[in-house]
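# Fold and contact review
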Amino acid sequence: MPTSREFRWSRTVVTLFMFAGSILFLLPFVWMLVTSFKMETDVFTYPIQWIPKKWNAVANYKEVWFGGYPFYLYYWNSIKISVLTTLTSCTVSALAAYGFSKIKFAASSWLFMIVLVTYMIPGQAILIPQFILYRNIGLFDSHFGMIILGSFSVLGTFMLRQFFMGIHQDYIESAKMDGAGHGRIFRSIALPLVKPAVATYAILRFIWTWNDYQNPLIFLRTDKLFTLPLAMQKFTSLSGEFYSLIMAAAVSAILPLLIVFIIGQKNVIAGIAMGGVKG
């Protein structure tokens, strides 16, 4: 058995190792942020100027946000699609998960198995049918079509179903004895109990939608409808020689993800802890 002194020493070593590792992971992001503040002539100076001698932050970010390729428009597009997709996907997945976990009906297990099987189909395999369908029903080149694409998630349904199954059946039966239907039980009992899990999935869904490049590339054609990943690719091709502007655009692109994670990290931790305790 290790002594308390040996335990404290090993914990100190692990802490120092993790701190050193975190510094290595953060350095590229720090360089990206610092570069976005620099004059273009100072970007590749050696040794690296971690504190710029000449600041050009206002001009760089002004060019990115309000220049010839305005980021404010693409920011709005990404925010609208990501927020609405996240809200819709969480609602649909939570309702489906509750139904599969707490409502018993004929062939429910088989139906859930069919839903899981669809997750095994690669997304690339259904792109052409989706493209043809969207062209025929008028959802091609529209934000509404992009929202519909991300609103139905097998992974979200499966993930939330596991948490709904952790709710003891006695809560459901007691509510039924008091005359509550499944709608009331879902809103007032089941959903509040799995709130950390729903918040965790909402954060993941928002990040996936915000970073999605493939679907906007295929289903959007009008420039003013582009999302931020498409705008980043086009901006990089137009400003490939101006790394300070590219870094300013990159910082702008990841900032909402950092804000969402910082705000929701407690819910993520609570969701993980909730997943480890059932009953």
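Residues numbered from 1 in each chain as written. Predicted model: local features only at pLDDT ≥ 70, side-chain atom pairs only at ≥ 80, totals over all residues. Heavy atoms only, no water.

### Details of the overall build of the protein
For the protein, the helix and strand inventory stands at 13 helices and zero strands. The helix and strand sequence of the protein, counted from the amino end, reads α-α-α-α-α-α-α-α-α-α-α-α-α. Over its C-alpha atoms the protein spans a radius of gyration of 24 Å, topping by over 25% the 19 Å that the globule rule assigns to 279 residues. The principal-axis extents of the C-alpha atoms in the protein amount to approximately 75 × 70 × 35 Å. Counting only residues that meet the buried cut, the protein has 38% of its 279 residues in that class. Sequence-distant contacts in the protein: of pairs separated by 6 or more residues, those separated by 24 or more amount to 73%. (Helix = DSSP H or I, 4+ residues; strand = E, 2+ residues; numbered from the N terminus. Rg over C-alpha atoms; globule rule 2.2 N^0.38 Å. Buried < 20%, exposed > 50% of the residue type's maximum accessible area, 1.4 Å probe, protein only. Contact = heavy atoms within 4.5 Å.)

### Structural notes on the UniProt feature "transmembrane region" (unreviewed entry) in the protein
Feature annotation in UniProt assigns "transmembrane region" (unreviewed entry) to the following positions: residues 12–34, 74–98, 110–132, 144–164, 185–208 and 242–264. The distance from the first to the last C-alpha atom of residues 144–164 is 30 Å, and the span holds 86% helix and 0% strand. (UniProt positions renumbered as here; feature names shortened; annotations may be inferred.)

### Some remarks on the packing of aromatic side chains
Taken as a whole and judged by the stated rule, the model has 15 aromatic pairs. When the centroid spacing of 6.5 Å and the interplanar angle of 70° are considered together, the rings of Tyr 201 and Trp 208 count as edge-to-face. We note Arg 135 situated over the ring of Phe 140; from NZ or CZ to the ring centre the distance is 5.1 Å. The ring of Phe 112 carries Arg 161 above its face, with NZ or CZ at 4.0 Å from the centroid. (Phe/Tyr/Trp six-rings, centres within 6.5 Å; stacked < 30°, edge-to-face > 60°. Lys NZ or Arg CZ within 6 Å of the ring centre and 35° of its normal.)

### Considerations on the domain arrangement of the protein
When its domains are assigned, the protein resolves into domain 1 (4–64) and domain 2 (68–273). Computed over C-alpha atoms, the centres of domain 1 and domain 2 are 32 Å apart. Contact with domain 1, which involves 14 residues of that partner, is made by 17 residues of domain 2. Summing the contributions of domain 1 and of domain 2, the shared interface buries around 1,200 Å²; its carbon and sulfur component is 74%. Looking at the side of domain 1 facing domain 2, the largest losses of area belong to Met 32, Glu 40 and Val 64, adding up to 51% of the total buried there. Counting the contacts that link domain 1 with domain 2 gives zero salt bridges. Put simply, domain 1 and domain 2 have one residue pair in polar contact (both at pLDDT 80 or more) between them. When residues of the side of domain 1 that touches domain 2 are traced back to their parent elements, those giving at least two are helix H1 (4–35) and helix H2 (57–66). Partitioning the side of domain 1 that touches domain 2 into residue classes produces eight nonpolar, three polar and three charged. (Domains from an automatic or database assignment. Buried area = accessible area lost by both parts, 1.4 Å probe. Salt bridge = Lys/Arg side-chain N within 4 Å of Asp/Glu carboxyl O. Polar contact = N/O pair within 3.5 Å; in protein donor to acceptor, adjacent residues only side chain to side chain. Nonpolar A, V, L, I, M, F, W, Y, C, P; charged D, E, K, R; others polar.)

### Quick look at the side chain of Ser 101
Looking at the secondary structure, you find Ser 101 in helix H3 (residues 71–102). When its relative accessible area of 7% is taken as the criterion, Ser 101 is described as buried. At 2.8 Å, the side chain of Ser 101 forms a polar contact with the backbone oxygen of Ala 97. Once you skip the residues sitting within four places of it in the chain, Ser 101 turns out to touch Arg 161, Phe 164 and Met 165.

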